[in-house]
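Coordinate inspection notes
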Amino acid sequence: MTIKVMIVDDSSVVRQVMQDLLLKHRDIEVIGTAPDPIFAMSKMQNQWPDVILLDIEMPRMDGITFLKQIMSTRPTPVVICSTLTERGADITIEAMAAGAISIITKPTLGLRDFLQESANQLTSAIREAAMAKVGIARARPSTSAISQERMNAPKLTADAIMDAPVNSQHLPTTEKIIALGTSTGGTQALEQVLTALPATCPGLVIVQHMPEKFTQSFANRLNNLCAIEVFEAKNNDRIVPGRALIAPGGKHMLVKRSGAQYYVEVIDGPLVSRHRPSVDVLFRSVAKNAGKNAIGIIMTGMGDDGARGIKEMHDTGAVTYAQDEASCVVFGMPKEAIALGGIKQIVSLDKISQVIEQYGR
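Residues numbered from 1 in each chain as written. Predicted model: local features only at pLDDT ≥ 70, side-chain atom pairs only at ≥ 80, totals over all residues. Heavy atoms only, no water.

Under an unreviewed UniProt entry, the name given to the chain is Protein-glutamate methylesterase/protein-glutamine glutaminase, and the organism recorded is Chitinibacter mangrovi. As stated in UniProt under Sequence similarities (unreviewed entry), the record for the chain gives "Belongs to the CheB family." One UniProt comment on the chain, placed under Subcellular location (unreviewed entry), says "Cytoplasm". (UniProt positions renumbered as here; feature names shortened; annotations may be inferred.)

Written out as structure tokens, the structure reads:
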């Protein structure tokens, strides 16, 4: 079926270039463009889009106000077009909380050339959004940004970062680890899980597919909402009870062990499963260095990143969980993990915080 798209951006250059690019794809139809949400809403009354491409800073009505109106009246997949700046990241995280599906980052200069070079990421974001289930209570948005590097990269496995675990035996320790991986739909899903946790819960390590600069804003938001501490991970940060470490955008995060204590290593490296950070990399490091001293949870997301890694965790003694299809925005990553035989139990989103608490006890 054709995906009907509405483009809402106050830049005539952005509207024209995006429209020209999308016209080349038979499965995507631009049903209208608008310089602000007021014009957009009048056009959408005649024909409602399947996906909205939305700028944030616009005249007459800003994108976040418009987004909240859409989500409260007729939930529709929205892809945010945001500038990759610190201020842009903070505002975009607010848009994620309001219900957006994903982000396309754009520069402040050289916009026309950037959009033409990024046609693949634009169309992929639209197709991904069209597949998402919007309106799922408290579990809607995500920040799964698709970079041009990701679109063109070969699909490497975690072998590009570290060897697979072989007969890993791990001495028991009082330090326990919760490893979570998520993508499309993950920002609100993680917010629901983390805000329900007590400050005494085991330490968490998290990969949420998100561009650099945005992970810091995301962690800051969660830190203000949660009883636990939530930080963007830095190299050698310890994993301790009552703390969640979120892998920084553009970096891989690995779990290491020193004696009875665990810490994270933040490194550069190639894309793995076309992502950086990669859930597969995190999960493999947990399988190698924690094994049965950890549990793994794979949540809503497009693709299969994390499926192989959580199978390795399962095989080294970790207890593993997958979010169920009904509560996922996109049942891609959990579905692939289940198909590989790496999941012990399938749970709904509202039960994940209980799983973590029980493990801590």
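Alright, that's what it looks like, and here's the rest.
1. Focus on the pairing of strand 6 (residues 177-182)
Extensive coverage of strand 6 is indicated by the burial of 6 of its 6 residues. Burial along strand 6 is two-sided: Ile177, Ala179 and Gly181 facing one way and Ile178, Leu180 and Thr182 facing the other are all buried. Two elements, strand 6 and strand 7 (residues 203-208), share 6 bridges in a ladder whose sense is parallel. The residue bridging Ile177 from the neighbouring strand is Gly203, located in strand 7. With respect to chirality, the unit in which strand 6 leads through helix 8 (residues 186-195) into the neighbouring parallel strand 7 is right-handed. Direction of pairing for strand 6 relative to strand 12 (residues 294-298): parallel, over a ladder of 5 bridges. Directly across from Ile178, in strand 12, lies its bridge partner Ile295. (Buried < 20%, exposed > 50% of the residue type's maximum accessible area, 1.4 Å probe, protein only. Helix = DSSP H or I, 4+ residues; strand = E, 2+ residues; numbered from the N terminus. Pairing = 2+ DSSP bridges. Right-handed = clockwise from strand over helix to strand, strands pointing away.)

2. Quick notes on the confidence of the model for the chain
Scored by pLDDT, the chain comes out at a mean of 88, with 91% of its residues at no less than 70. Averaged over each element, pLDDT in the chain is lowest for helix 7 (residues 148-152) (50) and highest for strand 9 (residues 243-246) (98). This stretch, residues 137-148, has a pLDDT under 50; its non-local contacts, to residues over four places away or in other chains, come to 70 contacts. (pLDDT = per-residue confidence, 0-100. Contact = heavy atoms within 4.5 Å.)

3. Regarding the packing of aromatic side chains
Here a ring pair, both rings aromatic, is described through the centre-centre distance and the interplanar angle of the planes. Per the stated rule, a full pass over the model turns up 0 aromatic pairs. It is Arg60 that lies over the ring of Phe39; its NZ or CZ is 4.7 Å from the centre. (Phe/Tyr/Trp six-rings, centres within 6.5 Å; stacked < 30°, edge-to-face > 60°. Lys NZ or Arg CZ within 6 Å of the ring centre and 35° of its normal.)

4. Observations regarding the UniProt feature "modified residue: 4-aspartylphosphate" (unreviewed entry) in the chain
Mapped onto the present numbering, the UniProt feature "modified residue: 4-aspartylphosphate" (unreviewed entry) falls at Asp55. Note on placement: Asp55 falls in strand 3 (residues 51-55). For Asp55, a relative accessible area of 9% puts it in the buried group. Once residues within four sequence positions are removed from consideration, Asp55 is found in contact with Val8, Asp9, Asp10, Gly63, Cys81 and Lys106.

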